[in-house]
Amino acid sequence: MKSVLITGASSGIGRATADRFHQAGYFVYLLARDQKRLSEIQSQLPNSSIVVCDLTDPEQIKNLPNLCDLSKISVLVNNAGIYFNKLNENFSSADWHLMFQVNVFAAAQLSALLFPYFRLRGGGSIVMISSTLAHKPIPTSAAYSSSKAAIQNLTMTLALEGAPHLIRVNCVSPGIVD
């Protein structure tokens, strides 16, 4: 059975993605920080496991191999993201750091963790979730739009690095969702 690891799986696009992969017959690793919501979702998806991990903490990400068997994962969906709606002049450096930690650095770190396993498997797939705001920002979206543009560049770079090893890396840019 193929397995997928989905970040931000407790709501929104991540939850919908988990449902789709489950319907397609995948074992689904549901990664998010809210154990209660993850447990509720897991009760509806029999072939799944919860992975409680706070992506604001790089040390928790490093610990991921102790929380699930990365060698079984064939698809990584880097979906987790945060959005603050305020003018750039009102953003602190801590706000910028938090936005990039969750939206970019966590995705880069998780991809780096899985690349060696994908090489050993003879391939794998990474799906990055960006945003239309990476292409066409709006006022009050400076940090978010910048982080999602960084995801698109990261995607292109990882696709070039992964191609010789049959590791596909693609990016989806949905519009604003509830």
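For the structure, see preceding data.
Residues numbered from 1 in each chain as written. Predicted model: local features only at pLDDT ≥ 70, side-chain atom pairs only at ≥ 80, totals over all residues. Heavy atoms only, no water.

A. Seen up close, a nonpolar patch on the surface. Residues Y83, I138 and I176 make up a contiguous nonpolar surface patch of roughly 300 Å² in combined accessible area. Tracing the sequence through the fold places Y83 in the loop between β4 (73-78) and α4 (93-121). Its relative accessible area of 34% is what places Y83 among the partly exposed residues. (Patch = residues over 30% accessible without salt bridge, like charges linked within 9 Å, V, L, I, M, F, W, Y side chains within 5 Å. Areas by Shrake-Rupley, 256 points an atom, 1.4 Å probe, with all protein chains shown as cover. Salt bridge = Lys/Arg side-chain N within 4 Å of Asp/Glu carboxyl O. Helix = DSSP H or I, 4+ residues; strand = E, 2+ residues; numbered from the N terminus. Buried < 20%, exposed > 50% of the residue type's maximum accessible area, 1.4 Å probe, protein only.)

B. A look at the pattern of salt bridges. In this structure the tally under the stated criterion is four salt bridges. The partner of E59 in a salt bridge is K62, with the nearest N and O atoms 3.1 Å apart. Here K62 and E59 lie together in helix α3 (residues 58-62), a separation of three residues that amounts to about one turn.

C. A look at the sheet that holds strand β5 (residues 124-129). As summarised here, the arrangement of the six strands in space is β3-β2-β1-β4-β5-β6, forming an open sheet in which the pairing is parallel. Where the open sheet ends on each side, the last strands, each with one partner, are β3 (48-52) and β6 (167-172). Taking each pair of neighbouring strands and ignoring which way they run, the sheet shows an average axis angle of 15°. Here helix α1 (residues 12-23) sits on the sheet and contacts β1 (3-7), β2 (27-32) and β4; the angle it forms with β1, its principal contact strand, is near 170°. (Pairing = 2+ DSSP bridges. Axes fitted to C-alpha atoms, helices over the stretch in contact; angles between N-to-C directions. Contact = heavy atoms within 4.5 Å.)

D. Structural context of α1. Its 12 residues place the ends of α1 17 Å apart at the C-alpha level, agreeing with the 16 Å of an ideal helix rising 1.5 Å per residue. Among all positions of α1, only G14, T17, A18 and F21 are buried. Around the axis of α1, the buried residues are gathered within 105° of arc, so they sit on the same side. In α1, the exposed positions that point more than 90 degrees away from the buried face belong to R20 and Q23. Buried residues belonging to α1 abut β1, β2 and β4. Following α1 by one or two positions, G25 has its phi on the positive side, about 95°. (Expected span 1.5 Å × (residues − 1). Arc of directions from axis to C-beta.)

E. View of α4. Along its 29 residues, α4 runs 40 Å from first to last C-alpha, staying within 8% of the 42 Å computed at 1.5 Å per residue. Within two residues after α4, G122 carries a phi angle of roughly 85°, on the positive side.

F. How the structure looks around the side chain of N78. Turning to its location among the elements, N78 is positioned in strand β4. Its relative accessible area of 5% is what places N78 among the buried residues.

G. Molecular detail of the pairing of β3. Here β2 runs beside β3; their pairing, made up of five bridges, is parallel. Bridged to L31 within β3 is V51. With respect to chirality, the unit in which β2 leads through helix α2 (residues 35-44) into the neighbouring parallel β3 is right-handed. (Right-handed = clockwise from strand over helix to strand, strands pointing away.)

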